[in-house]
Amino acid sequence: MTQTPQAEFDAHADGYDSGMNGLKVLAGDNADDFIAVKVRWLLRWWPALRTDASLSVLDYGCGVATLLRLLRAAGIAGPLTGTDVSTGMLREADRIWPAELPRPMFQTQNGAATSLPDRSFDLIVISAVLHHVPVAERPEVYAELHRLLRPGGRLVVFEHNPWNPVTSFVVARTPIDKDAILLPPPEVSRALTTGGWRDIRTGHLMFLPPRLGVVATAAERVFHWLPLGGQYAVTASK
């Protein structure tokens, strides 16, 4: 019998390390290094996240909330929310959240759906989630994100880049990604266009191992237009 997404992710929840394996260990000291790349990218493009405590952020499909934790540690003062289909992941997120940091609100998704109110968030991030969603169900995810975003807010879709051979190699050897169907950037852009999103843009990141820190960040600033980074980001407005 095929596992449901919730059951599959629950099985990986305890001590989840974001799919760290041998090759990832060579590229970064720990799972945080890979998520920190995305946090730096977000803060570079939206520095107001650090200064405007009214800005609300949703991490849709947050897993154990590593991205939210690193955002909070970077000085984000606004309200943070994390949702996931896996109650096990959310329990782990709550268990490991540092006591000294203001906590997010966590909510379990029912498939693509949440019970959060319409137009609740200024920024929605969906990071390395869509490749786990069956292709036929992806429009439901985009529709839910559109419902939750405030007019003028911004959506950021981070995904593994199937055009990068190292990324494809690593994903193929990561247990939690065994059923993954990777999306090239144009697929995300087309889906957002079809869904009525506007101002759709694509950038690329993770050209060098995250353990290189400042050098890796500098490479992203120079080569963000080149579609060969290990990850990409598609942004859109409502």
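Here is what the cut-offs are and how they apply
- Residues numbered from 1 in each chain as written.
- Predicted model: local features only at pLDDT ≥ 70, side-chain atom pairs only at ≥ 80, totals over all residues.
- Heavy atoms only, no water.
- Buried < 20%, exposed > 50% of the residue type's maximum accessible area, 1.4 Å probe, protein only.
- Helix = DSSP H or I, 4+ residues; strand = E, 2+ residues; numbered from the N terminus.
- Pairing = 2+ DSSP bridges.
- Polar contact = N/O pair within 3.5 Å; in protein donor to acceptor, adjacent residues only side chain to side chain.
- Contact = heavy atoms within 4.5 Å.
- Patch = residues over 30% accessible without salt bridge, like charges linked within 9 Å, V, L, I, M, F, W, Y side chains within 5 Å.
- Areas by Shrake-Rupley, 256 points an atom, 1.4 Å probe, with all protein chains shown as cover.
- Salt bridge = Lys/Arg side-chain N within 4 Å of Asp/Glu carboxyl O.
- Core = buried A, V, L, I, M, F, W, Y, C linked by side-chain atoms within 4.5 Å.
- Phe/Tyr/Trp six-rings, centres within 6.5 Å; stacked < 30°, edge-to-face > 60°.

> Quick rundown of the pairing of strand 4 (residues 121-127)? Include the residues and the values.
Taking burial as the measure, the seven residues of strand 4 include six buried ones, the bulk of the element. Where strand 1 (residues 57-60) lies against strand 4, three bridges are found, and the strand directions are parallel. Counterpart to V57 in the pairing with strand 4 is L123. The sheet contact formed by strand 4 and strand 5 (residues 149-160) spans six bridges and is parallel. By the bridge assignment, L123 is partnered in strand 5 with R154.

> If you had to explain the side chain of Q109 to someone new, which residues and values would you point to?
Note that Q109 resides in the loop between strand 3 (105-108) and strand 4. Among the polar contacts made by the side chain of Q109, one reaches the main-chain amide nitrogen of G61 at a distance of 3.3 Å. Looking at Q109, its side chain comes within polar contact range of the side chain of T83, at 2.8 Å. Beyond its immediate sequence surroundings of up to four residues, Q109 is in contact with Y60, G61, T83, D84, V85 and T114.

> Please provide a residue-by-residue account of a nonpolar patch on the surface, values included.
Nonpolar side chains collect at one region of the surface, where L208, L212 and V215 lie side by side and expose about 240 Å² of accessible area between them. Within the fold, L212 resides in the loop between strand 6 (198-205) and helix 10 (214-223). On the basis of relative accessible area, L212 is assigned to the partly exposed category, the value being 42%.

> Lay out unusual backbone geometry in plain terms, naming residues and giving numbers.
Its identity is not glycine, yet A65 carries a phi of approximately 65 degrees, on the positive side. Relative to the assigned elements, A65 resides in the loop between strand 1 and helix 5 (66-73). The phi dihedral of M206 is positive, around 65 degrees, even though this residue is not glycine. One can find M206 in the loop between strand 6 and helix 10.

> How would you sum up the nonpolar core? Please name residues and give values.
One broad trend across soluble globular proteins is that nonpolar side chains are buried collectively. Core analysis: the largest hydrophobic core is formed by 31 residues, its most contacted members being L42, L71, V156 and F158. Residue assignment for this core shows that the elements contributing at least two residues are helix 3 (31-45), helix 5, helix 6 (87-96), strand 4 and strand 5. It is helix 3 that provides the largest number of residues to this core, a total of eight residues. If we skip the residues at most four places from it in the chain, L71 touches V39, L42, L43, V57 and I76. Listed in part, the 24 residues of the second largest apolar core include L58, A112, I126 and A236.

> Describe the packing of aromatic side chains, listing the residues and the values that go with them.
All told, the structure shown has four aromatic pairs when counted by the stated rule. Both rings, one in F207 and one in F223, keep their centres 6.1 Å apart while their planes meet at 55 degrees; by these two values the pair is tilted. Pair noted here: F207 is in the loop between strand 6 and helix 10 and F223 is in helix 10, with a separation of 16 residues, a long-range link. By relative accessible area, F207 is classed as partly exposed at 21%. With relative accessibility at 36%, the residue F223 sits in the partly exposed group. Pairwise contacts between aromatic rings join W41, W45, W46 and F158 into one cluster.

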